[in-house]
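Fold and contact review
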Amino acid sequence: MSTQLSHCSSSTNNISSCLIKKHTLLLKPLVIVPSRINSFKRVSLIHSSIHPRKDFEFKNSNGHPLNAVSLQDGSAEKSVEREPTSLEMGREESNLSVTVVGASGDLAKKKIFPALFALFYEDCLPKNFLVFGYARTKMTDDELRNMISNTLTCRIDKSANCGDKMNQFLERCFYHSGQYNSEEHFSELDKKMKVKEAGLRSNRLFYLSVPPNIFVDVAKCASAQASSANGWTRVIVEKPFGRDSESSAELTRCLKQYLAEDQIFRIDHYLGKEIVENLSVLRFSNLVFEPLWSRNYIRNVQLIFSEDFGTDGRGGYFDNYGIIRDIMQNHLLQILTLFAMETPVSLDAEDIRNEKVKVLRSMRPLQLEDVIVGQYKGHSKGTKSYLGYTDDPTVPKDSLTPTFAAAALFIDNARWDGVPFLMKAGKALHTRRAEIRVQFRHVPGNLYKNNFGTNLDKATNELVLRVQPDQAIYLKINNKVPGLGMRLDRSDLNLLYSARYSKEAIDAYERLLIDAIEGERRLFIRSDELDAAWSLFTPLLKELEKKKIAPELYPYGSRGPVGAHYLAAKHNVRWGDLSSDE
Ligand SMILES: NC(=O)C1=CN([C@@H]2O[C@H](COP(=O)(O)OP(=O)(O)OC[C@H]3O[C@@H](n4cnc5c(N)ncnc54)[C@H](OP(=O)(O)O)[C@@H]3O)[C@@H](O)[C@H]2O)C=CC1
Ligand SMILES: O=C1O[C@H](COP(=O)(O)O)[C@@H](O)[C@H](O)[C@H]1O
């Protein structure tokens with residue numbers, strides 16, 4: 001499948017901490033009046049949050065009350081501010097409609113509907129809240145409900161009334177079948193939505209959970225026919241955002257014909273993961289870390305992603321993208337920018353994203369000699385046998401698409417000059433995990449070197465942020481083994497979330513959905529950020545394809561190609577996840 005768009009027209013906070021407060025005091029509402037009228041763009045500028053939602057308050061991931069005034073949907077040069085009319089003030093109650101486009105698909109079933117239910121269950125959604133599914137598959141409302149109900153779960157620590165809550169949620173779910181490029185079908189959807197919205201002011205969030213070559217069609221049709229007439233309209237766009245600099249820029253250009261940039265929420269669900277959210281808190285709210293956060297103390301940083309399963313039915317999608325586009329260019333690079341950025345002026349979305357872009361613009365584009373690629377092959381273990389990547393019938397037999405890659409990246413700025421940032425991502429490996437590893441330098445003139453044996457590397461501190469599974473932050477330190485004599489060992493100062501916090505982890509999609517509903521953009525990707533990210537990877541991706549670089553084969557369930565070790569060794573690094581005391 002290609003995202004290449006020849007033209008743009010259609011054809012082709014711990015969420016459970018969200019606070020519920022009755023009759024919250026609200027800030028003075030403002031209405032943004034657009035100077036140009038243009039479907040989605042126009043209506044989005046009248047922001048829902050400018051009207052008091054009397055009956056609840058909750059917090060987005062930035063800790064702001066969700067019904068505080070936000071002017072983010074108003075673009076300064078296009079709009080002027082004025083007081084709301086009495087009619088607008090009078091319409092206090094609004095409705096939120098979330099439309100999942102591609103409702104019959106894998107992501108919708110696995111992640112989006114369950115996340116919406118979790119938010120509903122935690123009372124984090126407005127009182128008037130509706131869910132619409134849209135896809136080509138023919139389904140009735142009841143069939144959609146049935147499909148969704150199979151994937152809904154309640155948190156173990158909050159399972160009371162689970163069945164009732166599920167029923168209440170399902171009653172709010174409706175389905176409309178239609179083509180993705182049919183304005184007529186989106187107009188029918190709009191009519192259905194209006195009936196259910198019952199005359200209330202409506203805010204509409206469209207989640208494009210469809211293959212990327214359909215994004216523009218949907219944006220066009222939904223914009224023309226199903227945007228809100230009196231509230232905001234926003235669109236969450238799933239990855240991949242193109243497959244190189246050119247296709248990404250083209251996708252953005254096409255989407256912007258129908259949507260303003262501030263209506264587009266480009267999702268990278270890794271930004272919604274708890275430990276990734278905590279990265280900035282750890283750095284900027286603890287004095288002990290920030291002074292160490294530079295080339296003076298940090299020897300290397302490792303960003304590691306591995307899955308213990310293959311492409312499993314997604315081979316058709318995956319073969320056109322590969323692991324570098326699927327994981328490195330977005331999830332791992334996003335983590336890297338958060339890790340390496342300077343202190344932002346504030347926690348506001350634009351301040352944070354400005355700092356992230358600066359990191360990206362200070363980075364060297366990847367060089368072929370700093371990258372190794374691999375592909376998994378079939379493997380038998382006892383009586384079990386695992387198919388190789390090219391055994392998937394949707395993958396060409398001679399595919400060179402990498403399912404594994406390791407790379408060394410560099411940030412050429414004063415803070416990080418010379419520090420290798422190593423990335424490693426792979427499918428069908430021996431374990432499932434995602435983590436950030438920070439290896440510190442040797443202690444100068446180490447008094448205890450005789451107690452460590454010959455390998456001083458083993459005595460350096462390492463900070464590990466384990467994103468998944470078993471979220472944890474731990475610091476490897478040297479410690480005296482209690483007793484007579486002076487024997488040292490390596491121990492962990494370990495913050496294991498499951499031991500420290502009783503609440504079950506929330507899913508990243510819950511956090512991101514609530515932010516999109518509130519118009520909080522901090523965890524979404526800005527278009528210049530996306531351009532800068534693609535600039536780093538595009539030359540390498542083109543070279544790999546042009547030179548037809550053959551991936552090193554590794555057995556399904558193994559630790560990946562040995563090339564990754566050589567690459568790390570070249571930069572004087574050992575992979576932390578493969579050491580004996582990981
Ligand atoms: N699944 C995952 O884990 C992840 C997915 N994503 C992204 O999310 C989006 C949705 O993913 P996912 O749910 O897996 O995708 P699916 O392949 O399941 O597609 C979603 C729906 O889109 C419709 N569709 C599929 N292929 C086509 C086609 N060629 N032409 C028109 N319609 C089509 C189908 O609905 P119908 O036939 O009923 O119209 C399908 O149910 C994609 O952009 C994907 O890259 C991102 C991260 C993870
Ligand atoms: O975006 C993607 O992410 C998943 C991994 O997400 P996780 O939250 O389960 O770690 C990956 O399997 C998929 O290939 C990729 O498209």
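Residues numbered from 1 in each chain as written. Chains lettered and ligands numbered in written order. Predicted model: local features only at pLDDT ≥ 70, side-chain atom pairs only at ≥ 80, totals over all residues. Heavy atoms only, no water.

**Considerations on the sheet that holds strand 5 (residues 173-177)**
Pairing in this open sheet of 7 strands is mixed, and the strands run 5-4-3-6-7-8-19 from one edge to the other. At either end of the open sheet lies a strand with only one pairing partner, and these are strand 5 and strand 19 (524-525). Examined bridge by bridge, strand 8 (residues 264-267) and strand 19 share 2 bridges and lie antiparallel to one another. Looking at strand 19, one finds that Ile267 is bridged to Phe524. Contacts between helix 4 (residues 141-149) and the sheet are confined to strand 4 (129-135) and strand 5, with strand 5 contributing the most and set at about 120° to the helix. (Pairing = 2+ DSSP bridges. Helix = DSSP H or I, 4+ residues; strand = E, 2+ residues; numbered from the N terminus. Contact = heavy atoms within 4.5 Å. Axes fitted to C-alpha atoms, helices over the stretch in contact; angles between N-to-C directions.)

**A look at the site of ligand 2**
Ligand 2 sits among Lys239, His269, Tyr270, Lys273, Glu307, Arg314, Asp326, His331, Lys427, Arg432 and Gln468. The separation between an oxygen atom of ligand 2 and a polar side-chain atom of Lys239 is 2.7 Å. Contact with the protein chains removes 84% of the 400 Å² of surface that ligand 2 exposes when unbound. Grouping the amino acids of the shell around ligand 2 by side-chain chemistry returns 1 nonpolar, 3 polar and 7 charged. (Near = heavy atom within 4 Å. Polar contact = N/O pair within 3.5 Å; in protein donor to acceptor, adjacent residues only side chain to side chain. Areas by Shrake-Rupley, 256 points an atom, 1.4 Å probe, with all protein chains shown as cover. Nonpolar A, V, L, I, M, F, W, Y, C, P; charged D, E, K, R; others polar.)

**As for the environment of Leu107**
Position of Leu107 relative to the elements: it lies in helix 3 (residues 106-121). Sequence separation between Leu107 and Glu238 is 131 residues, and the spatial gap between their C-alpha atoms is 9.8 Å. Setting aside anything within four residues of it in sequence, one finds Leu107 in contact with Ile112, Tyr207, Ser209, Glu238 and Tyr509.

**Structural notes on the site of ligand 1**
Contacts to ligand 1 come from 21 residues, most closely from Ser104, Asp106, Leu107, Thr137 and Tyr180. Here an oxygen atom of ligand 1 sits 2.8 Å away from a polar atom, N or O, in the main chain of Arg136. Measuring from an oxygen atom of ligand 1, one finds a backbone N or O atom of Lys239 at 3.0 Å. Contact with the protein chains hides 76% of the accessible area of ligand 1, taken as 870 Å² for the molecule alone. The element that contributes the greatest number of residues to the shell around ligand 1 is helix 3, accounting for 3 residues. Residue composition of the shell around ligand 1, grouped by class: 10 nonpolar, 5 polar and 6 charged.

**Some points on the packing of aromatic side chains**
Per the stated rule, a full pass over the model turns up 23 aromatic pairs. Here the aromatic rings of Tyr134 and Tyr180 are separated by 6.2 Å at their centres, their planes lie at 55°, and the arrangement is tilted. With Tyr134 in strand 4 and Tyr180 in the loop between strand 5 and helix 6 (183-197), this residue pair connects regions lying 46 residues apart in the sequence. For the pair shown, Tyr134 and Tyr180 are each scored as buried. (Phe/Tyr/Trp six-rings, centres within 6.5 Å; stacked < 30°, edge-to-face > 60°. Buried < 20%, exposed > 50% of the residue type's maximum accessible area, 1.4 Å probe, protein only.)

**Quick look at the packing of helix 12 (residues 349-361) against helix 16 (residues 527-546)**
Across the interface, helix 12 lies against helix 16 with an axial gap of 9 Å and an inter-helix angle of 20°. Looking at the two axes, helix 12 sits roughly parallel to helix 16. Read as a crossing pair, helix 12 and helix 16 show a hand that is left-handed. Counted together, Arg353, Lys356, Val357, Leu360 and Arg361 of helix 12 and Asp528, Glu529, Ala532, Ala533 and Leu536 of helix 16 form the full contact between these two elements. (Parallel < 35°, antiparallel > 145°, perpendicular 65-115°, else oblique. Left-handed = near helix turned anticlockwise from the far one by under 90°.)

**Comments concerning the nonpolar core**
Counting 155 residues, the largest nonpolar core has Phe169, Ile324, Phe339, Phe421 and Phe537 as its most contacted members. With 11 residues, the single largest contributor to this core is helix 11 (residues 322-340). When near neighbours in sequence (up to four residues on either side) are disregarded, Phe421 contacts Val301, Leu336, Phe339, Ala340, Ala407, Ala408, Leu409, Ile411 and Trp416. (Core = buried A, V, L, I, M, F, W, Y, C linked by side-chain atoms within 4.5 Å.)

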